[in-house]
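The chain contents come next:
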Amino acid sequence: MSLVQAAHEAEAAEAFEHIPVIDLKDVDSPDPEVRKALGGQVRDACINVGFLYVKNHGIPEVTIDIALAASKEFFSLPLEKKMELDITKSANFKGYNPILSSNNDPGNGGDLHEGFERANDGAMAGANVWPADAPGFRESVLGYYHAAVNLGRKLFPLFALALDLPEDFFADKTKNAAAIMRVLHYPPQTGPVDDRVIGIGAHTDFECFTVLWQEPDIQALQVLNKQKQWIDAPPIPGTLVVNLGDQFARWTNDVFKSTVHRAINRSGVRRYSIPLFFGTDYDVKLEPIPSCVSPDRPLKYEVVTAGDYVKERLKATYGH
């Protein structure tokens, strides 16, 4: 079945109720047929849902624990200390964003979380900033960052296989790929479900895909299915969430789904998460893959570079 046919069937199918779990234990298998089969699982998830969980992802729990502890220490600093790294002081969107300073859904009144953002220097020009009042924060966060980047680089060949492309299709497009990480703190939220201020408003991500660690035992993440129903995406022990972003949607002419999602922390306790957003090199044009365009599925998006697209979305989110 062609990619376009599969996409049409998915669009006509019933709305999904569950997000699949994919085991990555064979991601480095020397057997190409094993890797191809794994790519097939990824393909089904990308076309039908746009979200998946991955287990046996290779990031040690201790690496996650160290990054989480450092994040909690940073967010416990006085606001004036954190504001020394205010993201609005940076032309390249690096640093600290306070509660309600971002707004991912224009229909909302702001996102009820605070965050700290860093990016690899090649993807977004300019040096990263780091807090002077949280010793060890930089090293602890970078430990997780580099482990997650390694995972992301293993996922790109799977996405290529999922698109019936050579495994190395993305290699020359991700030599200096955008890898933007945020550490996030969501205070507990009370009030009616339809508040115009929630943890993070309904949105799609900007890049190719996101790898998300979310704190265990705290339900907040929700995914919008085809019937406009919000489906919970709870933390599953030993897994990470992977969701597709707009770059893949544009590249595949919406064959791969960039699925709307949001987070509402009604747990009564603080919640922490660490998303890492993976994109292509910023000079790469998001041109549709030929197998994703047909007479009954014409080109949906104008061609732009990855960098221009991400920068415009960041400007809209942070209001500058």
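It should be emphasised that the depicted structure is a prediction, and the values quoted were computed from it without experimental measurement. (Residues numbered from 1 in each chain as written. Predicted model: local features only at pLDDT ≥ 70, side-chain atom pairs only at ≥ 80, totals over all residues. Heavy atoms only, no water.)

Enquirer: How do you make sense of empty space enclosed by the protein when you look at a structure like this?
Expert: Where empty space is left becomes clear once a probe the size of a water molecule has been rolled over the atoms. Going through the model one piece at a time under the given rule, you end up with 2 cavities of 30 Å³ or more. Size it by volume and the largest cavity reaches roughly 340 Å³. Taken together, 27 residues line the largest cavity, and the ones lying closest to its centre are Ile200, His203, Asp205, Pro275 and Phe277. Taken together, the elements giving at least two residues each to the lining of the largest cavity come down to β6 (179-186), β8 (200-203), β9 (209-214), β12 (239-244), β13 (261-263), β14 (271-278) and α7 (306-318). Along the lines of polarity and charge, the residues of the lining of the largest cavity split into 14 nonpolar, 7 polar and 6 charged. Of the voids in this model, the second largest cavity is the one considered here, and its volume is about 40 Å³. Secondary-structure elements contributing two or more residues to the lining of the second largest cavity are β2 (51-55) and α5 (137-162). (1 Å grid on protein atoms, 1.4 Å probe; cavity = no way out; pocket = protein on both sides within 12 Å on 5 of 7 lines; lining within 4 Å. Points joined across faces, edges and corners; volume = space filled by probe spheres on them. Helix = DSSP H or I, 4+ residues; strand = E, 2+ residues; numbered from the N terminus. Nonpolar A, V, L, I, M, F, W, Y, C, P; charged D, E, K, R; others polar.)

Enquirer: Where do I start with the side chain of Thr210 in this structure?
Expert: Looking at the secondary structure, you find Thr210 in strand β9. At 2.7 Å, the side chain of Thr210 forms a polar contact with the side chain of Asp205. Residues contacting Thr210, with those up to four places away along its chain left out, are Asp205, Val241, Val242, Asn243, Pro275, Leu276 and Phe277. (Polar contact = N/O pair within 3.5 Å; in protein donor to acceptor, adjacent residues only side chain to side chain. Contact = heavy atoms within 4.5 Å.)

Enquirer: Would you explain the sheet that holds β13 in this entry?
Expert: By way of backbone hydrogen bonds, the strands of a sheet pair with one another, either parallel or antiparallel. Ordered by their spatial adjacency, 4 strands build an open sheet running β8-β13-β10-β11, and the pairing between neighbours is antiparallel. Each of the sheet's edge strands pairs with one partner strand only, and the pair in question is β8 and β11 (230-232). Across the sheet, the mean angle separating the axes of adjacent strands is 25° when strand polarity is ignored. Two strands pair when backbone bridges link them, and strand β10 (residues 221-224) and β13 are joined in this way by 3 bridges, in the antiparallel orientation. (Pairing = 2+ DSSP bridges. Axes fitted to C-alpha atoms, helices over the stretch in contact; angles between N-to-C directions.)

Enquirer: Would you explain the pattern of salt bridges in this entry?
Expert: Two side chains of opposite charge can pair, provided their charged atoms sit close to one another. In this structure the tally under the stated criterion is 10 salt bridges. Between Asp164 and Arg43 there is a salt bridge; the shortest N-O distance is 2.9 Å. Linking Asp164 in the loop between α5 and β6 with Arg43 in helix α2 (residues 32-48), this pair joins segments that are 121 residues apart in sequence. Ionic pairing is found between Glu215 and Lys72, a salt bridge with its closest N-O pair at 3.9 Å. Remark: Lys72 occurs in helix α3 (residues 61-75) and Glu215 occurs in the loop between β9 and β10; sequence separation between them is 143 residues. (Salt bridge = Lys/Arg side-chain N within 4 Å of Asp/Glu carboxyl O.)

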